[in-house]
Amino acid sequence: MDSSERSRDRTSGRRRSTTDARDRDGEDGGSSADEAEVSEDDEDGNQSPNDSYPDSLIVVSNRQPYRHEYEDVEGGSGPGNGDGDDGSDGTSADGGEVRTDGDDREITVDEPAGGLTAGLDPVLQEASGTWIAWGDGEADFAVTDDDNRVSVPPDDESYTLRRIDIPDEAVEGYYYGFSNRVLWPLCHEFPGLVDTRPDDLEWYRRVNERFADAIVDSASAQSTVWIQDYHFALAPRLVQESTPESTTVAQFWHIPWPDPETFEVCPAHTDLLEGVLGNDLLGFHVERYGRQFLACVDEYLPEASVDRARLLVEYEGSTTRVVATPMGVDAETYDRSARSTDPTAVHSLFDDCTIDDDTVLGLGVDRLDYSKGIPERLAGIERFFERNPAWRGAFTFVQKATPSRTDIPAYDRYGELVREDVARINARFATGDWQPIVYTEEYFSQEELSALYRRADVMVVSSLLDGMNLVAQEYVAATVDGDGTLLLSDRAGAHDRLGTQALTIDPTDADGVAEQLERAVSMPRAERKRRMHRLRTKVFDADLERWMNAQFDWIARVHGDGGLEGGRGRYGDSNPDSDASTSAESADRSTGGPDRDTHERPPSV
Ligand code: GDG
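Below: a short report on this structure. This structure is a prediction, so every number in the text was calculated from the model and none was measured.

**With respect to the overall build of the protein chain**
And step 1. When its secondary structure is counted, the protein chain shows 20 helices and 19 strands.
And step 2. Within the protein chain, buried positions represent 60% of all 605 residues.
And step 3. Residue pairs at least 24 apart in sequence account for 80% of intrachain contacts in the protein chain once pairs closer than 6 positions are excluded.
And step 4. Carbon and sulfur atoms make up 44% of the accessible area of the protein chain, which totals about 22,100 Å².

Have a look at this one:
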């Protein structure tokens, strides 16, 4: 893979620590991998150290939790392939000191710094499991054993990272091709953006086979295989066919599932359904995606028997249970991070402009992805200034956009469109010392992002379709002063849970977005705080850990005590995630920090 490919997506920065390549040669690396294998292969039925996690857990994802890079003389290894597909967040902060010494190249390790990878890393550490992922780092295979395994974390080796070496051509076909030129636009209901190239499906198949082989090789009868996302629609069936009945195969699909009419556009759509039905458990963020999946099975796999009431599919002798478990964020970390920032820290984030302390600040944070509705949001902001000239100079909208998958033409065009819109709106409304939209494509550390979230008075999430949307939840978690308003698209999965306390928008209705912005900036402070207080309760109560536990609870029922009949894919009916508790502790989080003044400086709108 070339370095431009490596740097074209930028949402995956990591914390970085330094390892000397020489330390990894020979016995050192080999013995640590062996140790990890011993614990993984403990088949005596022993519980893993934390009983809430499955024994012999195998997590599979496109993105890996640790990436090894050669440190170059300029002092920067690329941030890798990341595109936030798994909701990962991260920083690209440099870790330890880097030394160069002739041909002895230093190797750095980028570590997960947020999102799903950071959330699962401690789980794998406690479960002593295995993580299988694409090894996309330049030095990844310099530190692995003959089976492409390395023990991680580097400073406290406790689980096995098994890397899949994917050649550049295969990456282009599987990742930048079928995954993101076909499945992503289809699942987000953009059939017009589907770009079907001749070899992409075949690469997708082959890479799925490679992953499936590695999974089967790592799995035992007691294993739980937990596959992440749409990059692996074909692997589950391959794994199911080659593992014992007692092995559990589960998958979480992080993006929406389309309706049957849209799904039919997908090449090999029945193969995909058969592949996904290799899972004992299939998770979505919200039930309607699961129902659309069932509708597709009903429509295109006549031999399958679909129980829509119980969300079950029987196909070729096995059963797949569909569940909805909405993903949360690591709310504690955003809260802590926001509390520890200096409120003036945001001043240093923008080189070319200053944002006054009394400016009312709107904020958008997104990958530059056509599903996020950024031009639609900008149209709403434009309408807001048309309707409310008194807010010129007093309200600024910061749009933080992270370039993603830029080698795909639809993404490149989208970036251009967004930049043109920003320039046009700024040219139309700017005054001598103020501009309505501050636009940046800089990558911010999680700390910087938290500071920005905390400072923002209004957050706008205007997705045209979004599996969940973590940004909305991160904003709430970081609003530690309890004062801020969320405008949330009714097409984001997050709306199902947060919609009653957020201000709902239809992103395609510019007037409606402008009206809700007006409402947000003129809302009495007491109402803003009341809404935010409730939002914070919801976000803290349904955080990342809660989501993982809900998934593991379901997984435990596949073959465990909760299963009614035993055997592959047999389940009980009730949802183990009762979703009931509202902790007093989390309800009290919207306290602390200085109170902000009311927004109502210009005449109310
Ligand atoms: C997919 C689904 C679902 C972005 N810029 C920076 C940065 N980010 C982080 C955000 C957030 C993540 O990227 C984006 O997550 P989203 O959920 O908003 O969207 P997708 O990337 O499309 O994720 C989505 C998710 O998977 C999980 O299942 O919610 O629906 O599309 O965490 O914070 N993080 C940092 N600096 C940036 O500049 N630190």
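**Some thoughts on the environment of Leu 238**
And step 1. Assignment of secondary structure puts Leu 238 in helix α7 (residues 235-242).
And step 2. Taking relative accessible area as the criterion, Leu 238 reaches 28% and is therefore assigned partly exposed.
And step 3. A sequence separation of 40 residues divides Leu 238 from Gly 278, and the C-alpha atoms of the two residues are 7.3 Å apart.
And step 4. Here Leu 238 is in contact with Asn 208, Glu 209 and Ala 212, once residues within four sequence places are set aside.

**A short note on the packing of aromatic side chains**
One pair of aromatic rings is described through two measures. These are the centre distance and the angle between the planes.
And step 1. For the structure on display, the rule yields 27 aromatic pairs.
And step 2. Here the aromatic rings of Trp 184 and Tyr 230 are separated by 5.8 Å at their centres, their planes lie at 50°, and the arrangement is tilted. Highlighted residues: Trp 184 in helix α5 (residues 168-187) and Tyr 230 in the loop between β8 (224-228) and α7, separated in sequence by 46 residues. The same class applies to Trp 184 as to Tyr 230, namely buried.

**Quick notes on a negative patch on the surface**
And step 1. Side chains of Asp 356, Asp 357, Asp 358 and Asp 433 sit close together on the surface and give a patch of like negative charge.
And step 2. Among the structural elements, Asp 433 can be located in the loop between α13 (409-429) and β16 (437-440).

**Thoughts on unusual backbone geometry**
And step 1. The residue after Val 152, namely Pro 153, is reached through a cis peptide bond having omega -10°.
And step 2. For Asn 148, which is not a glycine, the phi torsion comes out positive at approximately 60°.
And step 3. Looking at the secondary structure, you find Asn 148 in the loop between β5 (130-134) and β6 (149-152).
And step 4. Residue classification places Asn 148 among the partly exposed positions, given a relative accessible area of 24%.
And step 5. Phi at Ala 268 takes a positive value of approximately 55°, unusual for a residue other than glycine.
And step 6. In this structure, Ala 268 sits in the loop between α8 (260-263) and α9 (269-276).
And step 7. Among the residues examined, Ala 268 registers a relative accessible area of 23% and is labelled partly exposed.

**What to know about the packing of α5 against helix α6 (residues 200-218)**
And step 1. Running from amino to carboxyl end, α5 crosses α6 at an angle of 110°, the nearest separation of the two axes being 8 Å. Relative to α6, α5 is oriented roughly perpendicular. Residues Glu 169, Ala 170, Glu 172, Gly 173, Tyr 174, Gly 177, Phe 178, Ser 179, Arg 181 and Leu 183 of α5 touch α6, and the partners they reach there are Asp 200, Leu 201, Trp 203, Tyr 204 and Val 207.

Rules and cut-offs
- Residues numbered from 1 in each chain as written.
- Predicted model: local features only at pLDDT ≥ 70, side-chain atom pairs only at ≥ 80, totals over all residues.
- Heavy atoms only, no water.
- Helix = DSSP H or I, 4+ residues; strand = E, 2+ residues; numbered from the N terminus.
- Buried < 20%, exposed > 50% of the residue type's maximum accessible area, 1.4 Å probe, protein only.
- Contact = heavy atoms within 4.5 Å.
- Areas by Shrake-Rupley, 256 points an atom, 1.4 Å probe, with all protein chains shown as cover.
- Phe/Tyr/Trp six-rings, centres within 6.5 Å; stacked < 30°, edge-to-face > 60°.
- Patch = residues over 30% accessible without salt bridge, like charges linked within 9 Å, V, L, I, M, F, W, Y side chains within 5 Å.
- Salt bridge = Lys/Arg side-chain N within 4 Å of Asp/Glu carboxyl O.
- Lys, Arg positive; Asp, Glu negative; His and termini not counted.
- Charge placed at Lys NZ, Arg CZ, Asp CG, Glu CD.
- Axes fitted to C-alpha atoms, helices over the stretch in contact; angles between N-to-C directions.
- Parallel < 35°, antiparallel > 145°, perpendicular 65-115°, else oblique.

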